[in-house]
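The chain contents come next:
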Amino acid sequence: MIDHRGDSPAQAQRATTPGSVVALVDASSGVERELVGAWLADGGIAKEFGVHAPVTQLDLDADAIATRLAGRSDDPLVVPVRVLWLPPERDGVRRVTFADLALLSNPRKPHRLAQRRLIGKSPDRHVVLTGQPALLSELRANNPEATALFITGSAEPFARAIVRAALVVLERAERNVIGDRYKVPRLVAEEILDSPDFLHRLDVIADQIGASPHEVYRRAEKGLRELVAAQSRLVSDLFTQAMRPVHASTWKVHTEESGLAGLRTLNRRYPLVFLPSHRSYVDAFVLGDVLARNDFPPNHVIGGANLSFWPMGPIARRTGTVFIRRSFGDDEVYKAVVEEYFAYLLAKRFNLEWYFEGGRTRTGKLRPPRYGLLNYLAAAVRSNRIDDVMLVPVSITYERLNELGAIATEQVGGKKQPEGLAWLARYIRSQQHSAGHVYVRFGEPLSARDRLAAFGDPLTTPPLSIPLHGTDSALDEPGSTAAEVEIAERERMAVQRLAFEVAVGINAVTPITVNALATLALLGVHGRALTLGEVRAVLDPVLNYIEKRALPSGELDALRDEQSLTVVLEQLSLAKVVTVYRGGLEPIYAIEAGAHLEAAFYRNSAVHWFINRAILELSILTALDTPAPNQLKAGWDEAFRLRDLLKFDFFFPERSEFAEQMTTEMLVLDPDWNTHTTEDTFGTDVLATLTASGFMMAHRTLRSFFDAQLVVAERLADHDPAEEIDRKLFVDECVRVGKQMMLQQRLHSPESVSTELFTSALKLADNHGLLTPVGHDSAKRRAELTKRRLEFAERLRAIGNRISQAAALDPSNRLVQEP
């Protein structure tokens, strides 16, 4: 029962044949004991392991083991044995269905009378399994703490350790029969609470918070019972069967399965952590279905406790969902429990899944990552509790989402509806409309150990404790030495870089969908309606650009064919994102009034593919307005300034790599760029090249972000520099004023009025030192801060003017304006 993964039964045989065998029988009925007894009497141990020795049959029970096995002076071979019952085979798959439950029977756990009937009627429905055996001496060596207690007179801890080890190897043997779709933990809370290291940590916490060790232990036990999830085969089968129609009837799932074979190979050695983009509540069901159909074990999905309402919570917990409190402040006991359970799952090689953005995106693009669980993962790697873990970026992209109305309402100040039974019923009902494709793409897996080492994480240094929902407070611990502060800073930066790599990996495989491009076209014409031919005129050069760059995409050929393009626009009309006027000479299409945020959501799912192109355009226009011979320098300076202003909205690489990307972008625009970019011809050449490309991207992709920043900048300029900014109230104010600016046509689109965009813009202002208040006693400092806030706003107005200049140069825009 020592971990010999990959060993054959022959390899399990010891060089010295044991003198006896103890069969630990995990049986739930007399029928199962009879089956195991018959198997043993028929020489099952000898046939399985080649060991010819007397066999003692013993129940897999801690009391029985403590009494009859733990104290033996000889060294028997200990073999766990169990009967596995299988569902009937249907269409090549053995899975429990609701039809089985209608007969009041669980085929995986038939009752005693059903077991007796199955033995004669369907002998293929049961298998006698053995787990990886171990000598009793090996079990003692593998559990030194429990063995030490046994020597002092307590056999119970050692007996419990043997039970846990037997269950683990039996579960592994079951997976060899039923496949890797199931992976079941048992006795998890007991095992964690038996850990001497964890008990010592609880004692330290008790001293720190002034509580009794007994009270802290009980709180830890309660927290573990609240957290620990178990993967029930029956519940997993039925839950999958029940929930699959929620997405299967709505979307056609499209998966590139070429990378899954490599992930399966990695999974034999390392646990996998799937980190998907988060656009919908059904993300976990879509990904879970894809993985199950490709024979991966179910993930332990880490979710917020707001979704643990009855009956979903208890059911989801039985399928492996781990519900974590949204906030646990200074509860050091709960923090320790979460970190220990998280490390336990990784150490036991359970696959995990969580949504590292911290919640569904409200804009369609990736949100800034939350670092809490990545901190725990890094801590488990640093402490060598796990060899390594592979992080798998996953992109889940929907052609259409039926829940966008609620998301858009939240963006303009609406209240998020609390989750519950009524909410769930409404949500399921809203999904019963066809919504095209959902694309599931797997990025290049990242070795956590390799990446943390590459980013300078001190993997050989014991880590400081870093809180789940913040990465800076560890730097402020009282009494921290300079070396400890430096280590904590390196750890913090390494985790942030790891999160950045995951986000880049997700973006790299996110496909451009037909709806992303259709909304890109209609949002970029400032409220005008377009004919079908005009929509094609906007899209054709963009499609050529996508093809030239070989960007990942969905069914984009549909946009080149008028009939298929009509279908795309009509589907968006049914979704109330696009409005169609049919009373004139031909149908014309525009964004539905009040649906700009929903349209922007679709566009933003692919907007990251066009950001460098948009920055290039604005940089070129800046260079053109700069007198020679400083044009090239001015263009590069502007590119880096724009990158800085957008760094809280998009994931940019370091300056050197960004410069390489911008050079590549220029060569896509003009492959002969390096041969004719002298200062004398710079303006003529570049302007002609931009026009010849057939499209401009700046006004289509960047305007809403800079408009939102302008709202924030102007509101800051009007605030007293001596007063503290309440961020929530400030964002609410920006929503109200933003609506006024829209009515005054100072903003170009309602998509700019977004709490998500205002929040990012406020982070940017803070990063530029524009939020920290100055004292009332310093008129000079107050004047300086006001001046910097006004300069920030003026800089954003200048960018807005440049974006308007780019829009005026857009050949497709000029085409649709001409009569």
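The text that follows walks through the structure, step by step, so that each part is easy to find. Here the structure is a predicted model, which means the values were calculated and not measured. (Residues numbered from 1 in each chain as written. Predicted model: local features only at pLDDT ≥ 70, side-chain atom pairs only at ≥ 80, totals over all residues. Heavy atoms only, no water.)

### Some details on the overall build of the chain
- The helix and strand tally for the chain stands at 36 helices and 18 strands.
- Per-residue burial over the chain gives 54% buried out of 819 residues.
- Across the chain, contacts joining residues at least 24 apart in sequence account for 79% of those joining residues at least 6 apart.
- Split by element, the accessible area of the chain, about 35,600 Å² in all, is 53% carbon and sulfur. (Helix = DSSP H or I, 4+ residues; strand = E, 2+ residues; numbered from the N terminus. Buried < 20%, exposed > 50% of the residue type's maximum accessible area, 1.4 Å probe, protein only. Contact = heavy atoms within 4.5 Å. Areas by Shrake-Rupley, 256 points an atom, 1.4 Å probe, with all protein chains shown as cover.)

### Some words on the packing of helix α24 (residues 532-549) against helix α25 (residues 562-574)
- Remark: α24 packs on α25, axes separated minimally by 11 Å, with the N-to-C direction vectors making an angle of 100 degrees. Judged on the interaxial angle alone, α25 and α24 are roughly perpendicular. Residues Leu532, Val535, Arg536 and Leu539 of α24 form the contact with α25, whose own contacting residues are Glu562, Leu565, Thr566 and Leu569.
- Broken down by class, the residue content of the contact of α24 with α25 amounts to 5 nonpolar, 1 polar and 2 charged. (Axes fitted to C-alpha atoms, helices over the stretch in contact; angles between N-to-C directions. Parallel < 35°, antiparallel > 145°, perpendicular 65-115°, else oblique. Nonpolar A, V, L, I, M, F, W, Y, C, P; charged D, E, K, R; others polar.)

### Overview of helix α9 (residues 156-178)
- Over its 23 residues, α9 extends 33 Å from the first C-alpha to the last, a length consistent with the 33 Å expected when each residue adds 1.5 Å.
- Counted residue by residue, α9 has 17 buried out of 23 residues, so it is predominantly covered. (Expected span 1.5 Å × (residues − 1).)

### A look at the nonpolar core
- One finds Phe442, Leu517 and Ile615 to be the most contacted residues of the largest nonpolar core, which totals 121 residues.
- If sequence neighbours within four positions are ignored, isoleucine 615 has contacts with Ala639, Leu642, Leu646, Phe652, Phe658, Met662 and Leu702.
- Formed by 58 residues, the second largest nonpolar core is a distinct cluster that contains Leu193, Ala220, Leu345 and Val502. (Core = buried A, V, L, I, M, F, W, Y, C linked by side-chain atoms within 4.5 Å.)

### Examining unusual backbone geometry
- With phi around 65 degrees, arginine 349 is a residue other than glycine that occupies positive phi space.
- Of note, arginine 349 is situated in the loop between α17 (332-347) and β12 (352-354).
- Non-glycine residue histidine 526 carries a positive phi angle of around 55 degrees.
- Here histidine 526 shows up in the loop between α23 (514-523) and β16 (530-531).
- Since its relative accessible area comes to 53%, histidine 526 is described here as exposed.

That is the geometry; function is a separate question.
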